[in-house]
Amino acid sequence: MTTNHILTVENLSTRFQTPDGEVEAVNNVNFHIDPGETLGVVGESGSGKTQIFLSLMGLLAKNGTSTGSVRYKDKEILNLRSRDLNKIRGVSMSMIFQDPMTSLNPFLKISRQMTEVLVEHRGMSEADALKRAVAMLDRVGISGAAQRVHMYPHEFSGGMRQRVMIAMALLCDPEVLIADEPTTALDVTVQAQILDLLRDLQKDFNTATVMITHDLGVVAGLCDRVMVMYGGRVVETGTVRDIFYDSHHPYTEGLLKSMPRIDRANEDSMFAIPGQPPNLQNLPTGCAYQERCGYVMDRCCVERPLLKDFGDGRASACFREDGQ
Amino acid sequence: MTVMTAPDKRDNAPILSVRDLKVHFPIPGKGLFAKDRPLKAVDGVNFDLFPGETLGVVGESGCGKSTLGRAILQLIAPSGGQVAWLGKNIVGIPHRDMQPLRRDFQIIFQDPLACLNPRMTIGEIIAEPLVTHKPELGKDEIKTRVKRMMARVGLLPQMINRYPHEFSGGQCQRIGIARAMILEPKLIVCDEPVSALDVSIQAQIVNLLQELQREFDLSLIFISHDLSIVRHICHRIMVLYLGNVMELADRDSIYAAPRHPYTKALISAVPIPDPEIERNKERIVLTGDLPSPLSPPSGCVFRTRCPFAQEKCATDVPKIDRVSETQEVACHFHDNI
Ligand SMILES: Nc1ncnc2c1ncn2[C@@H]1O[C@H](COP(=O)(O)OP(=O)(O)OP(=O)(O)O)[C@@H](O)[C@H]1O
Ligand SMILES: Nc1ncnc2c1ncn2[C@@H]1O[C@H](COP(=O)(O)OP(=O)(O)O)[C@@H](O)[C@H]1O
Ligand code: SF4
Ligand code: SF4
Ligand SMILES: [Mg+2]
Ligand SMILES: [Mg+2]
């Protein structure tokens, strides 16, 4: 089949071996992304968002294994040897992490960290690589980039470090940019700057972007399509309008209702989803959301709802309205 | 001095009056014989807090929110100004006089697990303030009260002998709240109490705090960088920038008609979970980061990022003006912007 998907993920499952048994962090996940598109991935902490993308970038922890298929264009990349993966990773596909310090080396100047990949993968000279690094820092709004490129990570503020990370991720003009909660640790003022930056970059370079976040406000402003995760599984997908104005899954509905809104005067008490997020180590039989769901039926506790496709990229995993 | 409150709370005497409160941290100067430089984390804050009222304190990271909260509770010694608790100044009073007052005010923190002693059972953690402040109570009475409080905050009383690491983030925050509430205090400083929690759990904790407030006529100081939650839970809101109050107003005024450019920028930067609204709203985008608090800008501290700054802003410090019954603003040009 020929498509113009830049990334196609099929039946991706990721398990971790732990002393207490196996944890299925990602369970049979399917999605794709096209050039110029922004996919939002939302869900509570521990729902598997990060592990999906660490799996496909070959960055899983040692006790983790993945099965399924991940294709970059037509090339299968899941479980590729590092040597082969390195031709894609950080070059055609880049990832920005929530905590910039996890991917910046505190002991190396930014200049060194940025030029390395260019020299190695693009065969640039040191001088040209430095020029490109400075241009990229400039592009992400770091003033005085020519001087600052020679600074160490700790000499930047949190917002600036996050920009440095974005600049690094963009050095090789990636076709896919994966941003894992890139603004969660930042102030709203700086978050707004970074989101503007991502929007502009996408316009300029037609990058396919994955935005992992738990902030539905960020998704509303930035994303074209949304994938909602719960307990390691995708429970709903759709366009941003589908998800916000006509959600099918009770969890999506609950998430939306429990978001406080700055543009509304307050009602008496906030809507709260009762209970706790599920423990992946012992998921209940049936639907993982059953203990917190307002619509739970007998069937939900014995049988697991499958993700049902409604066409046009719309899908939901719930017995309630899919007639399963 | 103009200090105001939400209209319905104003009849009572304030429980807390803060006047010109300052916290300056001495930072060693560079060079062997250089003098210490003051880092003005809180630089002249005024407000009153009334029984049953929630004051929100907002602003970017490093603007002095936590320092203010701690200085009010005398967990940090203020460098200047007064804090009056029920009409009596508590700044600089002897430890022996302070101790009995401590049972009236408590604090809860952002990272619930990190502030709970991992070697104590949650029963011991919740009971600790009782043991300290009410040593006359018997063991059984303490246990009864702890169990009652656990049930009240939504923890199963039979979990009394478990350890903190066995609980989720939201449950740990409930433990923190139970511990803070066990002495039935009059004031709780909540320092980012829900920031580390998942959206679905945040609402549970906010609702719990609101219920407890109604039940016990609690006053709350709610420190947060999430202006959406603040809109929900607070009666009045104080906006801080580099240790200075930019705006102090009741909730409806500040969200419907913010008067300070910084408040406007903060509010407009909060994403709204509605694609249509979020993509079409007007925004004031601030450039750059917070300046170093060691060398704050002259005149108006906000001027280096203010889209409306003029010459006067670099030379004159704006004083806080009362623009209505319920709103005070520190900006030279609040009438024109
Ligand atoms: N013990 C200290 N010594 C020196 N400086 C301090 C100390 N505690 C805080 N500061 C400084 O005081 C200022 C205010 O800090 P504070 O922790 O009150 O900020 P905050 O508004 O609570 O920020 P956040 O949102 O990140 O929690 C900051 O510049 C901080 O670096
Ligand atoms: N190395 C590991 N060993 C065992 N479990 C892990 C490991 N890494 C992640 N997990 C588990 O995988 C689940 C999904 O994690 P993650 O994808 O990071 O969640 P999030 O949705 O917050 O990004 C969590 O329950 C987490 O505890
Ligand atoms: S399958 Fe049942 S429990 Fe699960 S979300 Fe649907 S109605 Fe709720
Ligand atoms: S005083 Fe000047 S710099 Fe300060 S907020 Fe007002 S206009 Fe802006
Ligand atoms: Mg994650
Ligand atoms: Mg703080």
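From a predicted model like this one, the values you see are computed outputs, not experimental measurements.

**Description of the overall build of chain A**
Along chain A, the regular secondary structure elements total 11 helices and 12 strands. Rg of the C-alpha trace for chain A: 21 Å, near the compact-globule value of 20 Å for 324 residues, within the 12% margin. Dimensions along the principal axes, computed over C-alpha positions, put chain A at roughly 65 × 50 × 45 Å. Within chain A, buried positions represent 54% of all 324 residues. Split by element, the accessible area of chain A, about 14100 Å² in all, is 49% carbon and sulfur.

**What to know about the interface of chain A and chain B**
Between chain A and chain B, the contact holds 49 residues from the first and 42 residues from the second. Buried area between chain A and chain B, both sides added, is near 3800 Å², and the carbon and sulfur share of it is 55%. There are two salt bridges connecting chain A and chain B. In this structure, E276 of chain B engages R241 of chain A in a salt bridge whose closest nitrogen and oxygen atoms are separated by 2.4 Å.

**Description of the packing of helix α4 (residues 126-139) of chain A against helix α6 (residues 158-170) of chain A**
Residue and element names in this part refer to chain A. Running from N to C, α4 and α6 point in directions that differ by 130 degrees, and their axes come no closer than 9 Å. What the angle tells us is that α4 and α6 run oblique. Judged by the twist between their axes, the crossing of α4 over α6 is right-handed. Every residue of α6 that contacts α4 at R132, M136 and L137 is listed here: V164, A167 and L170. Tallied by class, residues from the contact of α4 with α6 come to five nonpolar, no polar and one charged.

**Concerning the site of ligand 3**
As a structural note, the neighbourhood of ligand 3 is formed by H249, P250, C287, Y289, Q290, C293, Y295, C300, P305, C318 and F319 of chain A. Across the shell around ligand 3, the residue classes tally to nine nonpolar, two polar and no charged.

**Re the sheet that holds strand β3 (residues 54-58) of chain B**
All names here are of chain B. Taken together, the eight strands give an open sheet; going across it, the order is β6-β7-β8-β3-β9-β10-β12-β11, and neighbouring strands pair in mixed fashion. Edge positions in the sheet fall to β6 (105-108) and β11 (321-324), since each has one partner strand and no second. Averaged over neighbouring strand pairs, the angle between their axes works out to 20 degrees when direction is ignored. Pairing of β3 with strand β8 (residues 219-223) involves four bridges; the strand directions are parallel. Each residue of the ladder has a partner; that of G56, found in β8, is F222.

**Section: the packing of helix α3 (residues 122-133) of chain B against helix α5 (residues 169-181) of chain B**
Residue and element names in this part refer to chain B. In the contact formed by α3 and α5, the axes pass within 7 Å of each other and the chain directions differ by 30 degrees. When the axis of α3 is compared with that of α5, the two are roughly parallel. Here the hand of the crossing between α3 and α5 comes out right-handed. Touching I122, I125, I126, E128 and P129 of α3 are I175, A178 and R179, all from α5. Taken together, the residues of the contact of α3 with α5 sort by class into six nonpolar, no polar and two charged.

**Points about the site of ligand 1**
All names here are of chain B. The local shell around ligand 1 holds 14 residues, among which S61, G62, K65, S66 and T67 are the closest. Contact distances for ligand 1 include 2.7 Å between an oxygen atom and a backbone N or O atom of G62. Interatomic distance of 2.5 Å between a side-chain N/O atom of T67 and an oxygen atom of ligand 1. Protein contact buries 63% of the 640 Å² of open area that ligand 1 shows by itself. Contributions of two or more residues to the shell around ligand 1 are made by β1 (16-27), β2 (37-49) and α1 (65-72). At three residues, the largest contribution of residues to the shell around ligand 1 is made by α1. Residue classes in the shell around ligand 1 are distributed as six nonpolar, five polar and three charged.

**Here's the deal with the pattern of salt bridges**
All names here are of chain A. Applying the stated rule across the entire model yields 35 salt bridges over all chains. Taking the shortest distance from any N to any O, the salt bridge between E175 and K73 comes out at 3.0 Å. Of this pair, E175 sits in the loop between α6 and β7 (176-180) while K73 sits in the loop between β4 (64-72) and β5 (75-76); the two residues are 102 residues apart in sequence, bridging distant segments of the chain. When its relative accessible area of 29% is taken as the criterion, E175 is described as partly exposed.

**A look at the domain arrangement of chain A**
All names here are of chain A. By domain assignment, chain A separates into domain 1 (7-92 + 172-322) and domain 2 (102-171). A C-alpha centroid distance of 29 Å is found between domain 1 and domain 2. Carbon and sulfur atoms make up 65% of the area that domain 1 and domain 2 hide from each other, which totals about 1500 Å². By the criterion of area lost to domain 2, the three top residues of domain 1 are C172, L197 and L201, representing 35% of everything that side buries. Counting across the domain 1 and domain 2 interface gives two salt bridges. With a shortest N-O distance of 3.1 Å, D173 and R132 are connected by a salt bridge. Taken together, the links from domain 1 to domain 2 amount to nine residue pairs in polar contact (both at pLDDT 80 or more). Considering each element in turn, the side of domain 1 that touches domain 2 owes the most residues, eight residues, to helix α7 (residues 188-205). For the side of domain 1 that touches domain 2, the residue count by class is 11 nonpolar, three polar and four charged.

**Notes on the sheet that holds β7 of chain A**
All names here are of chain A. A sheet is described by the order of its strands in space; here eight strands give the open sequence β6-β7-β8-β3-β9-β10-β12-β11, paired in mixed fashion. Looking at which strands have only one partner, the edges of the open sheet turn out to be β6 (93-96) and β11 (308-311). Along the sheet, successive strands turn relative to each other by an average axial angle of 20 degrees, direction set aside. Alignment of β11 against strand β12 (residues 314-316), held across three bridges, turns out to be antiparallel. Bridge pairing in β12 links D309 to A315. Helix-sheet contacts for helix α10 (residues 250-258) involve β9 (225-230) and β10 (233-239), and the interaxial angle to β9 is about 100 degrees.

**Concerning unusual backbone geometry**
In this model, N28 of chain A sits at a positive phi of 50 degrees, which is unusual for a non-glycine residue. Structurally, the position occupied by N28 of chain A is in strand β2 (residues 21-33). Phi at E192 of chain B takes a positive value of approximately 50 degrees, unusual for a residue other than glycine. Mapped onto the elements of the fold, E192 of chain B is located in the loop between β7 (187-191) and α6 (199-216). Taking the relative accessible area as the measure of exposure, E192 of chain B reaches 8% and is therefore buried.

**A look at the environment of G311 of chain A**
Take G311 of chain A: it is sitting in strand β11. Spatially, the C-alpha atom of G311 of chain A lies 9.6 Å from that of G238 of chain A, the residues being 73 residues apart in sequence.

Conventions and cut-offs
Residues numbered from 1 in each chain as written. Chains lettered and ligands numbered in written order. Predicted model: local features only at pLDDT ≥ 70, side-chain atom pairs only at ≥ 80, totals over all residues. Heavy atoms only, no water. Helix = DSSP H or I, 4+ residues; strand = E, 2+ residues; numbered from the N terminus. Rg over C-alpha atoms; globule rule 2.2 N^0.38 Å. Buried < 20%, exposed > 50% of the residue type's maximum accessible area, 1.4 Å probe, protein only. Areas by Shrake-Rupley, 256 points an atom, 1.4 Å probe, with all protein chains shown as cover. Contact = heavy atoms within 4.5 Å. Buried area = accessible area lost by both parts, 1.4 Å probe. Salt bridge = Lys/Arg side-chain N within 4 Å of Asp/Glu carboxyl O. Axes fitted to C-alpha atoms, helices over the stretch in contact; angles between N-to-C directions. Parallel < 35°, antiparallel > 145°, perpendicular 65-115°, else oblique. Left-handed = near helix turned anticlockwise from the far one by under 90°. Nonpolar A, V, L, I, M, F, W, Y, C, P; charged D, E, K, R; others polar. Near = heavy atom within 4 Å. Pairing = 2+ DSSP bridges. Polar contact = N/O pair within 3.5 Å; in protein donor to acceptor, adjacent residues only side chain to side chain. Domains from an automatic or database assignment.

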